[in-house]
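Residue strings, one per chain:
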Amino acid sequence: SELGPESDKLHSEIGELASTLDIVITVGKVAQTYRQSSTNQVATWMPAVDRSEAVTLLRKTLRAGDVALFKGSHSEHLEEVVNELENKLTADRDT
């Protein structure tokens, strides 16, 4: 893990913070631990198995004016989610 020996603790803290959001879409197995460590279940949690499924969930969920935060290790390549989402939203808008 990029976070070293503090990884579990830091992921628990992220889960706790994320639980205050409206919707949290997680990608992959490690990210699903965020929900398990959360004690405050305000958020609607939507697990995605991979980046492609995350894009599908985001397209179904995001509305004009929404703010999306993408957090993950560099190895997760979430920039690909951002790029694919941007391309699909641009294509949707142009049709």
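Hey, could you go over helix 1 (residues 7-18) for me, with residue numbers and the actual values?
Its 12 residues place the ends of helix 1 16 Å apart at the C-alpha level, agreeing with the 16 Å of an ideal helix rising 1.5 Å per residue. Turning to helix 1, its buried residues number three or more, namely Ser 7, His 11, Gly 15 and Ala 18. Angular distribution of buried residues about the axis of helix 1 spans 75°; they occupy a single face of the element.

I'd like a rundown of the nonpolar core, residues and numbers included.
Core analysis: the largest hydrophobic core is formed by nine residues, namely Val 27, Ala 48, Ala 54, Val 55, Leu 57, Leu 58, Leu 78, Val 81 and Leu 85. Contributing elements (two or more residues each) for this core: helix 3 (51-61) and helix 4 (78-94). A per-element tally of this core places helix 3 first, with four residues. Once residues within four sequence positions are removed from consideration, Leu 58 is found in contact with Ile 25, Phe 70, Val 81 and Leu 85.

Tell me what's going on with the packing of helix 3 against helix 4, and back it up with residues and numbers.
Remark: helix 3 packs on helix 4, axes separated minimally by 9 Å, with the N-to-C direction vectors making an angle of 40°. With respect to their mutual orientation, helix 3 and helix 4 come out oblique. Viewed along their axes, helix 3 and helix 4 form a crossing whose handedness is right-handed. On helix 4, the residues that touch Arg 51, Ala 54, Val 55, Leu 58 and Arg 59 of helix 3 are Glu 80, Val 81, Glu 84, Leu 85, Lys 88 and Asp 92. Classifying every residue of the contact of helix 3 with helix 4 by side-chain character gives five nonpolar, no polar and six charged.

Mind laying out helix 3, listing which residues take part and the relevant values?
Buried residues of helix 3: Ala 54, Val 55, Leu 57, Leu 58 and Thr 61, and no others. Seen end-on, helix 3 carries its buried residues on one side only, within an arc spanning 165°. N-cap assignment for helix 3: the residue whose side-chain oxygen lies 3.3 Å from the backbone N of Ser 52 is Asp 50.

Please give an account of the side chain of Thr 61 that cites residues and values.
The topology assignment puts Thr 61 in helix 3. Among the polar contacts made by the side chain of Thr 61, one reaches the main-chain carbonyl oxygen of Leu 57 at a distance of 2.6 Å. In this structure, Thr 61 is in contact with Ile 23, Met 46 and Asp 66, ignoring residues within four places of it in sequence.

I'd love a proper account of the pattern of salt bridges, names of residues and values included.
Inspection of every chain in the model, using the stated rule, returns five salt bridges. The closest approach of N and O atoms between Arg 59 and Asp 92, which form a salt bridge, is 2.6 Å. Placement of the pair is Arg 59 in helix 3 and Asp 92 in helix 4, with a sequence separation of 33 residues. Judged by relative accessible area, Arg 59 falls into the partly exposed class, the value being 34%. Asp 92 gets classed as partly exposed once you look at its relative accessible area, which sits at 38%.

Conventions adopted
Residues numbered from 1 in each chain as written. Predicted model: local features only at pLDDT ≥ 70, side-chain atom pairs only at ≥ 80, totals over all residues. Heavy atoms only, no water. Helix = DSSP H or I, 4+ residues; strand = E, 2+ residues; numbered from the N terminus. Expected span 1.5 Å × (residues − 1). Buried < 20%, exposed > 50% of the residue type's maximum accessible area, 1.4 Å probe, protein only. Arc of directions from axis to C-beta. Core = buried A, V, L, I, M, F, W, Y, C linked by side-chain atoms within 4.5 Å. Contact = heavy atoms within 4.5 Å. Axes fitted to C-alpha atoms, helices over the stretch in contact; angles between N-to-C directions. Parallel < 35°, antiparallel > 145°, perpendicular 65-115°, else oblique. Left-handed = near helix turned anticlockwise from the far one by under 90°. Nonpolar A, V, L, I, M, F, W, Y, C, P; charged D, E, K, R; others polar. Polar contact = N/O pair within 3.5 Å; in protein donor to acceptor, adjacent residues only side chain to side chain. Salt bridge = Lys/Arg side-chain N within 4 Å of Asp/Glu carboxyl O.

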